[in-house]
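An overview of the molecular structure
Okay, here's what each chain looks like letter by letter:
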There are 2 protein chains.
Amino acid sequence: MKTFKTAIKSLFNNNTWLILIATIGILTLCFNEKAMAQHKDQIVRIAKIEVDPAQIEQYNTALKEQMTTAVRVEPGVLTYYAVADKATPSHITIFEIYADTAAYQAHIQTPHFKKYKATVEHIVTKLELEDVRLVRVAKKPEM
Amino acid sequence: MKTFKTAIKSLFNNNTWLILIATIGILTLCFNEKAMAQHKDQIVRIAKIEVDPAQIEQYNTALKEQMTTAVRVEPGVLTYYAVADKATPSHITIFEIYADTAAYQAHIQTPHFKKYKATVEHIVTKLELEDVRLVRVAKKPEM
């Protein structure tokens, strides 16, 4: 027990990791503030998708995998919000932000995007893309 | 110069503020992770708005003020993304997240929301609200 207490005490006396975490904290807070404005090169888009009602689960699984992978591995894929209409869950809307045109062009050539497109080819019955610009983003820092 | 160095040194030797900032950092990072999932009570909505093309600037000014104030002063107003169609800037889409029904009901009774509604009464020509549920959010931690 004494060893544990000593270990904890020495941990709190070690400024190095505290400075490191403090730096991460400050950077995270700064980036949260920065996210409020649209960078001029950003591509912002709304995708309106209708899928075969019998295959909603398969579609959502493929969509989630694509979104998560793209944001994790591609530096220029910044934001995805995918929502389903409450009354008609086969009507999907995806709000997308890419860093710039090059990031979007690179994205549609990735294996995970091509796999998604091949998987949903016979599930998606309608696809409409709307290019938009951000008027304003306002959100809690934790969102 | 020596006094300045001593002051800086003593600042970095003072664990109290480092622990405080580290805690804020850890909490901020945790909340960023938490934001990925939809809380079951959350109200998620898409508002599709058409405004008089001659009054876009007035509309956008009123909208930005409403959004910013609501997120700043209301604990239950979590997220707004407002976008304008690139080809037809008078077509606005707003993506909204509220903590729960009570938060939304409280929101529409606030002075800033009532002021917005009164200001845009003769600017908005069409308003369509779509209730949706989040399928997935994927975004960079800094977004």
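Residues numbered from 1 in each chain as written. Chains lettered and ligands numbered in written order. Predicted model: local features only at pLDDT ≥ 70, side-chain atom pairs only at ≥ 80, totals over all residues. Heavy atoms only, no water.

An unreviewed UniProt entry annotates chain A as Quinol monooxygenase of Mucilaginibacter jinjuensis.

1. Looking at the overall build of chain A
This is how the line gets drawn: Note on conventions: DSSP H or I runs of at least 4 residues are helices, E runs of at least 2 residues are strands, and numbering of each starts at the N terminus. Here's how the labels work: a residue is buried when its accessible area is under 20% of the maximum for its type, exposed when over 50%, partly exposed in between, all with a 1.4 Å probe on protein chains only. Two residues form a contact once any of their heavy atoms are found within 4.5 Å. Surface exposure here means Shrake-Rupley accessible area, sampled with a 1.4 Å probe, where a residue is shielded only by the protein chains that are shown.
A tally of regular secondary structure across chain A gives 5 helices and 4 strands. Among the 143 residues that make up chain A, the fraction classed as buried is 44%. Pairs at least 24 apart in sequence give 71% of the contacts found in chain A among residues at least 6 apart. Carbon and sulfur atoms provide 61% of the accessible area of chain A, an area that totals close to 8000 Å².

2. Some details on the packing of helix α3 (residues 56-73) of chain B against helix α5 (residues 111-120) of chain B
All names here are of chain B. To keep it simple, the criterion reads: Note on definitions: angles span 0 to 180 degrees between N-to-C directions of axes, and those axes are lines fitted to C-alpha atoms, for helices only across the stretch in contact. Each angle receives one of four descriptions, namely roughly parallel if under 35 degrees, roughly antiparallel if over 145, roughly perpendicular if within 65 to 115, and oblique otherwise. Three categories are distinguished: nonpolar for Ala, Val, Leu, Ile, Met, Phe, Trp, Tyr, Cys and Pro, charged for Asp, Glu, Lys and Arg, and polar for the others, with Gly belonging to the last.
One can describe the packing of α3 onto α5 by two numbers: an axis separation of 9 Å at closest approach and a directional angle of 170°. Looking at the two axes, α3 sits roughly antiparallel to α5. Side by side, α3 and α5 meet where Tyr59, Ala62, Leu63, Glu65, Gln66, Thr69, Ala70 and Val73 of the first sit next to His112, Phe113, Lys115, Tyr116, Thr119 and Val120 of the second. Residue composition of the contact of α3 with α5, grouped by class: 8 nonpolar, 4 polar and 2 charged.

3. A few points about the interface of chain A and chain B
Where we set the bar: Once two parts are brought into contact, the accessible area they lose, counted with a 1.4 Å probe and summed over both, makes up the buried area. The term salt bridge refers to a pairing of a side-chain nitrogen on Lys or Arg with a carboxyl oxygen on Asp or Glu at a separation within 4 Å. Polar contact is defined as a pair of N or O atoms within 3.5 Å, subject to the rule that within protein one atom must be able to donate a hydrogen and the other to accept it, and that residues adjacent in sequence are counted only when both atoms are side-chain atoms. When DSSP finds two or more bridges between two strands, those strands count as paired.
Tallying the contact residues gives 54 residues for chain A and 54 residues for chain B. At the boundary of chain A with chain B, total buried surface from both sides reaches about 4900 Å², with 65% on carbon and sulfur atoms. Per-residue buried area on chain A facing chain B is highest for Tyr81, Arg136 and Met143 of chain A; these three make up 14% of the total on that side. The tally of links from chain A across to chain B stands at 0 salt bridges. Where chain A packs against chain B, one counts 23 residue pairs in polar contact (both at pLDDT 80 or more). Secondary-structure elements contributing two or more residues to the side of chain A that touches chain B are α1 (2-13), α2 (15-34), β1 (43-51), α3 (56-73), β2 (77-85), β3 (91-98) and β4 (124-139) of chain A. A total of 12 residues in the side of chain A that touches chain B trace back to one element, the largest contributor, which is α2 of chain A. In terms of strand pairing, β4 of chain A meets strand β2 (residues 77-85) of chain B through 7 bridges, oriented antiparallel.

4. Here we look at the UniProt feature "domain: ABM" (unreviewed entry) in chain A
Which entries qualify depends on this criterion: UniProt positions are given in the numbering used here, feature names are shortened, and annotations may be inferred rather than shown by experiment.
Here the UniProt-annotated "domain: ABM" (unreviewed entry) positions come out as residues 43-137 of chain A. Across residues 43-137 of chain A, the secondary structure splits into 37% helix and 42% strand, with the terminal C-alpha atoms separated by 15 Å.

5. A closer look at the pattern of salt bridges
Residues and elements named next belong to chain B. Under the definition given, this model contains 10 salt bridges over all chains. Here lysine 126 makes a salt bridge to glutamate 50, at a shortest N to O gap of 4.0 Å. You can see lysine 126 sitting in strand β4 (residues 124-139) and its partner glutamate 50 sitting in strand β1 (residues 43-51), a full 76 residues away along the chain. A relative accessible area of 26% places glutamate 50 in the partly exposed class. The residue glutamate 65 makes a salt bridge to lysine 115 at a minimum N-O spacing of 2.9 Å. Within this pair, whereas glutamate 65 is found in helix α3, its partner lysine 115 is found in helix α5, the two being separated by 50 residues in sequence. For glutamate 65, a relative accessible area of 42% puts it in the partly exposed group. Accessibility expressed as a relative area gives 48% for lysine 115, which makes it partly exposed.

6. Examining the side chain of lysine 139 of chain B
Formally: Asp and Glu count as negative and Lys and Arg as positive, but His and the ends of the chain are not part of the count.
Tracing the chain through its elements places lysine 139 of chain B in strand β4. This buried residue, lysine 139 of chain B, is left without a salt bridge; glutamate 142 of chain B holds the nearest opposite charge, at 8.9 Å. There is a polar contact of 3.3 Å between the side chain of lysine 139 of chain B and the backbone oxygen of methionine 143 of chain A.

7. So, helix α5 (residues 111-120) of chain A
Residue and element names in this part refer to chain A. To keep things clear, this is the line we draw: Arc, as used here, means the arc of the directions from the helix axis to the C-beta atoms.
All of the buried residues along α5 are His112, Phe113, Tyr116 and Val120. One face of α5 carries all of its buried residues, which in axial projection span an arc of 100°. When the buried face of α5 is taken as reference, the exposed residues oriented beyond 90 degrees from it are Pro111 and Ala118. Buried-residue contacts for α5 involve β1, α3, α4 (101-107) and β4.

8. Description of the relation of the copies chain A and chain B
The condition that has to hold: Superposition of the copies used a least-squares fit over C-alpha atoms from residues whose pLDDT is at least 70 in both.
Overlaying chain A with chain B gives an RMSD of 0.3 Å, the required rotation being 180° about an axis along which the chain moves by 0.0 Å. The transformation just described matches what one would write down for a two-fold rotation axis. Here 100% of the contact residues of chain A are again contact residues in chain B; the copies associate through an equivalent surface.

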